[in-house]
Amino acid sequence: MTKISSREIRLASRPKGIPTEANFTLARTELEALQDQQVLVRNLYMSVDPYMRGRMNEGKSYVAPFELGKTLEGGAVGEVVESRAREFKPGDAVTSNYGWREYFIAAPQDLRLVSREVQPLSVYLGALGMTGMTAWVGLNLVEVKTGDVIYISGAAGAVGSVAGQLAKLRGCRVIGSAGSGEKVQFLREECGFDIAFDYKIGPVIEQLNVEAPDGIDVYFDNVGGETFEAALSALRVHGRIIACGGISGYNEEKPRPGPSNLFNMITKRLTMKGLMVRDWLDRQGEFEKEVGGYYRAGKLKNRETVVKGIDMAVNAFIGLFRGQNIGKMVVELA
Ligand SMILES: NC(=O)c1ccc[n+]([C@@H]2O[C@H](COP(=O)([O-])OP(=O)(O)OC[C@H]3O[C@@H](n4cnc5c(N)ncnc54)[C@H](OP(=O)(O)O)[C@@H]3O)[C@@H](O)[C@H]2O)c1
């Protein structure tokens, strides 16, 4: 094997508030020669995700913090360049958690073979990957069914746009909010949402009262904060909440106090369930069959915002907190 030089992104310092480029360094490293039971992979696409912000903080959480000076990690799709493990051969497409770098060497058990027939391969980071699965899990978590009125925040993002389309396929009335007119148009025209509104042009509760005067049955929470508060007011008796994310608070140095109207949980007998997609890995086959089937049949769109080059990966990540993506934010590396 000729020596491979690979660029990678390392955490230089822990961000305070919204991350800046100064929190990261782009480094170059030489890969070691391949040993038995190792596979060399060239990444084609890597994912940037809001949850990575939490891993940049110090302290205990549901997943260990990124270490200072070390290469970041995250979802990626790549192709096998060389293999000394019988499970993989050159040209195989694989997913891994070795994002934020151009090349890497891994053990076969850290790689997952995916079909090259599904294109673009970046779909394995979006609709057919972690974010698509999160959308699917959310709907299953609170048994979303035909006739439900569901409101999804962060609707034009990776999770939200798939959740809305899957809810439509289940026969729901789907309402979404997102942060620009272009996103609202995308939700209505490409994703088939019944109603979409821009949360930046007026208070969410006022817009929900207009768009869903009889209330909502389900709230799919991707953002938390004031939007969560508005949804608590709009939910009907026995309403259900999918607690998926709270991006509005990810850059806060201190957590903000909870919703002022939490008492709705009692008076309306609401149910709120926390979602952790990795708890559902044993259902991945079922997810791939159902959602992959929709995708292959052209019933599900996987909109992406593609940023090119590892040197742009940090910008792509920061862009998530500025709403710069429609659909899944991915970085094309090759
Ligand atoms: N629980 C789990 O297992 C799990 C798994 C995956 C993701 N998640 C969570 O699901 C949520 C969506 O993730 P994603 O990957 O689909 O990201 P995404 O929605 O594709 O990207 C982030 C979007 O969040 C919105 N946003 C940014 N700052 C905001 C703020 N202060 N207030 C309101 N909206 C803001 C932006 O859209 P606008 O222009 O519309 O503001 C931005 O495009 C995140 O909270 C994430 O942490 C949870």
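You'll find the structure just up there.
Residues numbered from 1 in each chain as written. Predicted model: local features only at pLDDT ≥ 70, side-chain atom pairs only at ≥ 80, totals over all residues. Heavy atoms only, no water.

### Some remarks on the overall build of the chain
Next, step 1: Helix and strand counts for the chain stand at 9 helices and 15 strands.
Next, step 2: Over its C-alpha trace the chain gives a radius of gyration of 20 Å, about what one expects of a compact globule, namely 20 Å for 334 residues.
Next, step 3: Each principal axis of the C-alpha atoms in the chain carries an extent, and together these give about 65 × 45 × 35 Å.
Next, step 4: Out of the 334 residues belonging to the chain, those deemed buried represent 52%.
Next, step 5: Taking as baseline every contact in the chain between residues at least 6 positions apart, the subset at least 24 positions apart corresponds to 68%.
Next, step 6: Accessible area of the chain: about 15,400 Å², with a carbon and sulfur share of 49%.
Next, step 7: Put simply, the chain has 41 plus and 40 minus side-chain charges, and the middle of one group is 2 Å from the middle of the other. (Helix = DSSP H or I, 4+ residues; strand = E, 2+ residues; numbered from the N terminus. Rg over C-alpha atoms; globule rule 2.2 N^0.38 Å. Buried < 20%, exposed > 50% of the residue type's maximum accessible area, 1.4 Å probe, protein only. Contact = heavy atoms within 4.5 Å. Areas by Shrake-Rupley, 256 points an atom, 1.4 Å probe, with all protein chains shown as cover. Lys, Arg positive; Asp, Glu negative; His and termini not counted. Charge placed at Lys NZ, Arg CZ, Asp CG, Glu CD.)

### Looking at unusual backbone geometry
Next, step 1: A cis geometry characterises the amide bond from Gln-119 onward to Pro-120, with omega recorded as -10°.
Next, step 2: Checked against the element boundaries, Pro-120 lands in the loop between β7 (112-114) and α2 (130-141).
Next, step 3: Non-glycine residue Trp-100 carries a positive phi angle of around 65°.
Next, step 4: Non-glycine residue Glu-143 carries a positive phi angle of around 50°.
Next, step 5: In this structure, Glu-143 sits in the loop between α2 and β8 (149-152).

### Brief notes about the site of the ligand
Next, step 1: Around the ligand there are 27 residues in total, and Val-159, Lys-183, Tyr-199, Tyr-250 and Asn-325 lie nearest to it.
Next, step 2: Residue Asn-222 places a main-chain N or O atom 2.9 Å away from an oxygen atom belonging to the ligand.
Next, step 3: Between the ligand and Tyr-250 there is a distance of 2.7 Å, counted from an oxygen atom to a side-chain nitrogen or oxygen.
Next, step 4: Considering the ligand on its own, with 910 Å² of exposed area, one finds that the protein chains cover 89% of that surface.
Next, step 5: Contributing elements (two or more residues each) for the shell around the ligand: α2 and α3 (158-169).
Next, step 6: It is α2 that contributes the most residues to the shell around the ligand, 3 residues altogether.
Next, step 7: Of the residues in the shell around the ligand, the class split is 15 nonpolar, 11 polar and 1 charged. (Near = heavy atom within 4 Å. Polar contact = N/O pair within 3.5 Å; in protein donor to acceptor, adjacent residues only side chain to side chain. Nonpolar A, V, L, I, M, F, W, Y, C, P; charged D, E, K, R; others polar.)

### Structural notes on empty space enclosed by the protein
Next, step 1: With the rule as written, the count across this model stands at 1 cavity of 30 Å³ or more.
Next, step 2: In this structure, the largest cavity spans a volume of roughly 30 Å³.
Next, step 3: Looking at the lining of the largest cavity, the element that brings in the most residues is α3, giving 3 residues.
Next, step 4: Residues belonging to the lining of the largest cavity are distributed by class as follows: 3 nonpolar, 5 polar and 2 charged. (1 Å grid on protein atoms, 1.4 Å probe; cavity = no way out; pocket = protein on both sides within 12 Å on 5 of 7 lines; lining within 4 Å. Points joined across faces, edges and corners; volume = space filled by probe spheres on them.)

### Some details on helix α6 (residues 225-234)
Next, step 1: Burial in α6 covers these residues: Thr-227, Phe-228, Ala-230, Ala-231, Leu-232 and Ala-234.
Next, step 2: Its buried side turned inward, α6 meets β8, α5 (204-211), β11 (216-221), β12 (235-243), α7 (264-267) and β13 (271-274).

### What to know about the nonpolar core
Next, step 1: Ile-150 and Leu-187 are the most contacted members of the largest nonpolar core, which has 50 residues in total.
Next, step 2: For this core, the secondary-structure elements that each account for two or more residues are β3 (39-47), α2, β8, α3, β9 (173-178), α4 (181-189), β11 and α8 (284-296).
Next, step 3: When neighbours within four sequence positions are excluded, Leu-187 is seen to be in contact with Ala-155, Ala-156, Gly-176, Ala-178, Gly-192, Phe-193 and Ala-196.
Next, step 4: Membership of the second largest hydrophobic core comes to 23 residues, among which are Met-52, Met-56, Ala-313 and Phe-317. (Core = buried A, V, L, I, M, F, W, Y, C linked by side-chain atoms within 4.5 Å.)

### Some details on the sheet that holds β8
Across a sheet, paired strands are connected by hydrogen bonds in the backbone, their directions being either parallel or antiparallel.
Next, step 1: Strand order in this open sheet of 6 strands is β10-β9-β8-β11-β12-β13, and the pairing throughout is parallel. At either margin of the open sheet sits one strand with a lone partner, and together these are β10 (195-198) and β13. If you compare each strand with its neighbour and ignore which way they point, the axes differ by 15° on average.
Next, step 2: In terms of strand pairing, β11 meets β12 through 5 bridges, oriented parallel. Residue Phe-220 lies in a different strand from β12, and its bridge partner there is Ile-242.
Next, step 3: Running at roughly 170° to β8, α3 makes contact with β8, β9 and β11 of the sheet. (Pairing = 2+ DSSP bridges. Axes fitted to C-alpha atoms, helices over the stretch in contact; angles between N-to-C directions.)

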